[in-house]
Amino acid sequence: MSAVPDRSTLRLALVVGGLVLAVLLGFGLGRLDGGGPSASAGLDSALGEHTHEPGTGAHQHGADQGTAAEASGLSVTSAGYTLTPVASTFTAARPGELRFQVRDAQRRPVTRFAVVHDKPMHLIVVRRDLTGYQHLHPTMAADGTWSVPLTLPRPGVWRAYADFTALADDGRQTAVTLGVDLVAPGGYQPRPLPAPATSATVDGFTVSYQGTPQTGLTVPLTFRFGAAGGTPTLERYLGAYGHLVALREGDLGYLHVHPEPQAADGAVTFWVTTPGPGRYRLYLDFQVGGVVRTAEFTLTVP
């Protein structure tokens, strides 16, 4: 016959059990809470009421995602997609053709893409010293091979960015930017990056911007346009009043930048999130009189 514990023993057991349970509950809650401030607590945003033009496709802003913005285009593989060029060597200053495929995780060529800014594929090409910027639009064959005429005007290593939104069989859209190096053999003489400036002149047009980008903060950059005859009339190009590409000096990280759908008083506003300090090169495509021009700026983020 087993002994029955006395009341003092039972009280002690209950006290010890309660303490163990409290410790376990506290540990569990601490794990759920992350043991401190949330990962996004230090990320600010100045987005406010922000809209996108209908039909621009799926895309995100860095500060909208709740995690620190990251530059893209640093890898040939991302989000299960891989950029595979047919050839990557060109002869400097000689017209050539760039051909490539985008393949999925099963190495199958991707053939379904969303139309974003009037095109299913945007190809950005720039030399590694951030000169020679080109914004191209390849065409796709039935087998998923994209092709576009390409001339690399000077020797050196060039970076090509494929900016697209892939469509899965279930309708999911995945916005991806993949990057690959292209080579034009010869004597490479890198050019120094121009000094930071908030205005630039191209073909008689003066373009200036207002705004101060900061690390991890999505802020507006507002561009204004001038000419000898007064304020020029901006025209839509690829469904918008301007297209802005930002590249980071050093690793050539690519930043997604999206415009407001309308031009207000002849000015165009873009929302920019810089992932870290450093120097960036901005390339603004705009159209006046049926001609597309590119204004370039150097920007320093402290």
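Our subject is the structure listed above.
Residues numbered from 1 in each chain as written. Predicted model: local features only at pLDDT ≥ 70, side-chain atom pairs only at ≥ 80, totals over all residues. Heavy atoms only, no water.

Draft legend 1. Quick peek at the environment of Pro194. Mapped onto the secondary structure, Pro194 falls in the loop between β9 (173-184) and β10 (199-202). Leave out the neighbours within four places in its chain, and Pro194 touches Arg279, Arg281 and Thr298. (Helix = DSSP H or I, 4+ residues; strand = E, 2+ residues; numbered from the N terminus. Contact = heavy atoms within 4.5 Å.)

Draft legend 2. Up close: the side chain of Arg281. Counting through the fold element by element, Arg281 comes out in strand β17 (residues 278-288). A polar contact is formed between the side chain of Arg281 and the side chain of Thr298, at a distance of 2.6 Å. Non-local contacts of Arg281, meaning those with residues more than four positions away in its chain, are made with Leu130, Leu193, Pro194, Val245, Ala246, Leu247, Glu296, Phe297 and Thr298. (Polar contact = N/O pair within 3.5 Å; in protein donor to acceptor, adjacent residues only side chain to side chain.)

Draft legend 3. Region of interest: the sheet that holds strand β18 (residues 291-301). Strand order in this open sheet of four strands is β14-β13-β17-β18, and the pairing throughout is antiparallel. Edge positions in the open sheet fall to β14 (254-255) and β18, since each of these has one partner strand only. Examined bridge by bridge, strand β13 (residues 243-248) and β14 share two bridges and lie antiparallel to one another. Note that in β14 the partner of Leu247 across the bridge is Tyr254. (Pairing = 2+ DSSP bridges.)

Draft legend 4. Structural context of the nonpolar core. Counting 27 residues, the largest nonpolar core has Val207, Phe223, Phe225, Leu244, Leu284, Phe286 and Phe297 as the members making the most contacts within it. Element by element, the count of residues in this core is highest for β17, at five residues. Excluding anything up to four places from it in sequence, Leu244 contacts Phe223, Val257, Phe270, Val272, Leu282, Tyr283 and Leu284. Of all hydrophobic cores here, the second largest spans 26 residues; its members include Tyr81, Leu98, Trp146 and Trp158. (Core = buried A, V, L, I, M, F, W, Y, C linked by side-chain atoms within 4.5 Å. Buried < 20%, exposed > 50% of the residue type's maximum accessible area, 1.4 Å probe, protein only.)

Draft legend 5. Just the environment of His256, in detail. Along the chain, the position of His256 falls in the loop between β14 and β15 (258-259). Classification of His256 by relative accessible area gives partly exposed; the value is 31%. Distance from His256 to Ala71, taken between C-alpha atoms, is 8.0 Å for residues 185 residues apart in sequence. Those residues in contact with His256 that sit more than four places away from it in its chain are Ser72, Asp163 and Thr177.

Draft legend 6. Local environment of the pattern of salt bridges. Counted under the stated rule, the structure contains 10 salt bridges. Close ionic contact of Asp170 with Arg172 constitutes a salt bridge, the shortest N to O distance being 2.8 Å. Taken individually, Asp170 and Arg172 each receive the classification exposed, so the pair is uniform in this respect. With its nearest N and O atoms 2.9 Å apart, the salt bridge here joins Glu249 to Arg279. Separated by 30 residues along the polypeptide, Glu249 in the loop between β13 and β14 and Arg279 in strand β17 bring together distant segments of the chain. Residue classification places Glu249 among the partly exposed residues on the basis of a relative accessible area of 35%. Relative accessible area serves as the criterion here: at 30%, Arg279 is assigned to the partly exposed category. (Salt bridge = Lys/Arg side-chain N within 4 Å of Asp/Glu carboxyl O.)

Draft legend 7. A look at the sheet that holds β9. Spatial ordering of the open sheet is given by β5-β4-β8-β9, a layout of four strands whose pairing is antiparallel. Pairing within the sheet leaves two strands with one partner each, and these edge strands are β5 (134-136) and β9. Averaged over neighbouring strand pairs, the angle between their axes works out to 20° when direction is ignored. Where strand β4 (residues 121-127) and β5 come together, three bridges link them in antiparallel fashion. Within β5, the position partnered with Ile124 by the bridge is His135. (Axes fitted to C-alpha atoms, helices over the stretch in contact; angles between N-to-C directions.)

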